[in-house]
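Breakdown of the fold
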Amino acid sequence: MFSKQEAQQLKKEFWTAFGKSFPRKWLLYDTKIKDFSFKFNADNKKAEVSLDIEMKDEIFRNAYYEKIWSLEDILQEFIGDFHKDEYFTLDNGKVISKIWIEKHDVSLFNKNSWQDIFEFFWEKMDGFERFYYEYEDFIKDV
């Protein structure tokens, strides 16, 4: 087990190594839609790439979620099988809509699995971004 400081240092090394291994400017928060962003996440059990729709106004959040949901089969062609939850509750209690894909049996705390995580991140986020750019006008038209 790692101390809190050791875990923080390892996380910093992980994200630095990812940036150096796959240098690229990712779309992430720059979707031009407030509270509509793509995210990377990794912990001690899995890696995840997600689209988080975090609008406080449930009507807008639902409208964007429905837009993505209407393109479900197309999104699947870009990223493969994925999970979706219109009312996903974060650890802090906030409810968002979320679409994500996971890779299990990898750990940010095991340097031997970093390359697998990096490749998963690159492949899935690239798919998410290509999907978004292809259907951006449709998605934004809420």
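An unreviewed UniProt entry lists the protein chain under the name DUF4268 domain-containing protein, from Chryseobacterium shigense.

**A look at helix 2 (residues 58-70)**
The terminal C-alpha atoms of helix 2, which comprises 13 residues, lie 18 Å apart, in line with the 18 Å expected from a rise of 1.5 Å per residue. Among the residues making up helix 2, those that are buried are R61, Y64, Y65, K67 and I68. All buried residues of helix 2 project into a common sector of 155° when viewed along the axis, lining one side. Where helix 2 starts, the residue carrying a side-chain oxygen 2.8 Å from the main-chain nitrogen of I59 turns out to be D57.

**Regarding the packing of helix 3 (residues 72-79) against helix 4 (residues 114-140)**
Following both chains from N to C, one finds helix 3 and helix 4 inclined at 140°, their axes separated by 8 Å at the closest point. It follows from the interaxial angle that helix 3 and helix 4 lie oblique. Remark: the crossing between helix 3 and helix 4 carries right-handed chirality. Here helix 3 contributes I74, L75, F78 and I79 to the contact with helix 4, which in turn contributes K124, G127, F128, R130, F131 and Y135. In the contact of helix 3 with helix 4, the residues fall into seven nonpolar, one polar and two charged.

**Remarks on the pairing of strand 3 (residues 83-89)**
By the bridge criterion, five bridges tie strand 3 to strand 4 (residues 95-104) in an arrangement that is antiparallel. Across the sheet, residue F88 finds its bridge partner in strand 4, namely I96. Once strand 3 ends, the chain turns through five residues before running back antiparallel as strand 4, passing G93 with a positive phi of about 95°.

**Points about the environment of G80**
Take G80: it is sitting in the loop between helix 3 and strand 3. Considering only alpha carbons, one finds G80 and G127, 47 residues apart in sequence, at a separation of 8.9 Å. In contact with G80, not counting residues within four places along its chain, are L75 and I101.

**Concerning the packing of aromatic side chains**
A full pass over the atoms with the stated rule returns 25 aromatic pairs. Taking 5.2 Å as the distance between ring centres and 50° as the angle between the ring planes, the aromatic pair formed by F14 and F118 counts as tilted. In this pair, F14 sits in helix 1 (residues 4-21) while F118 sits in helix 4, placing the two residues 104 residues apart along the sequence. Both residues of the pair, F14 and F118, belong to the buried class. Aromatic pair F14 and F121: ring centres 6.3 Å apart, planes at 80°, arrangement edge-to-face. Of the two residues, F14 is situated in helix 1 and F121 in helix 4; the sequence distance between them amounts to 107 residues. The exposure classification of F14 matches that of F121, with both residues buried. The ring centre of F138 lies 3.9 Å from the NZ or CZ of K67, which sits over that ring.

Conventions we followed
Counting restarts for each chain, with residues numbered from 1 along the sequence as it is written. Residue-level local features of this predicted model are given only where pLDDT is at least 70; pairs of side-chain atoms are given and counted only at 80 or more, and the full residue set underlies all totals for whole chains, interfaces and linings. The side-chain values count all of the structure's non-hydrogen atoms but skip hydrogen atoms and water molecules. Elements are defined by DSSP. Helices are runs of H or I of four residues or more, strands are runs of E of two residues or more, and each kind is numbered from the N terminus. To estimate the expected span of a helix, count its residues, drop one, and scale the result by 1.5 Å. Summary of the burial criterion: residues with accessible area below 20% of their type's maximum are buried, those above 50% are exposed, and those between are partly exposed, where the area comes from a 1.4 Å probe applied to protein chains only. As used here, the arc belongs to the directions running from the helix axis to the C-beta atoms. Here a polar contact means two N or O atoms within 3.5 Å. Within protein one must be a hydrogen donor candidate and the other an acceptor candidate, and residues neighboring in sequence count only if both atoms are side-chain atoms. What counts as an axis is a line fitted to C-alpha atoms, over the stretch in contact for a helix, and the angles between N-to-C directions run from 0 to 180 degrees. Orientation categories follow fixed angle ranges, with anything under 35 degrees roughly parallel, anything over 145 roughly antiparallel, 65 to 115 roughly perpendicular, and all other angles oblique. Helix crossings are classified by the rotation of the near helix relative to the far one: an anticlockwise turn of less than a right angle makes the crossing left-handed, while a clockwise turn makes it right-handed. By the convention used here, residues are in contact when the closest approach between their heavy atoms is within 4.5 Å. Side-chain classes are defined by residue name, with Ala, Val, Leu, Ile, Met, Phe, Trp, Tyr, Cys and Pro counting as nonpolar, Asp, Glu, Lys and Arg as charged, and the others, Gly among them, as polar. Only strands that DSSP links by at least two bridges are regarded as paired with each other. Side-chain rings of Phe, Tyr and Trp (the six-membered ring for Trp) are treated as a pair once their centres are within 6.5 Å; stacked means planes under 30 degrees apart, edge-to-face means over 60, and tilted covers the remaining angles. For a Lys NZ or an Arg CZ to count as sitting over a ring, it must be within 6 Å of the ring centre and within 35 degrees of the ring normal.

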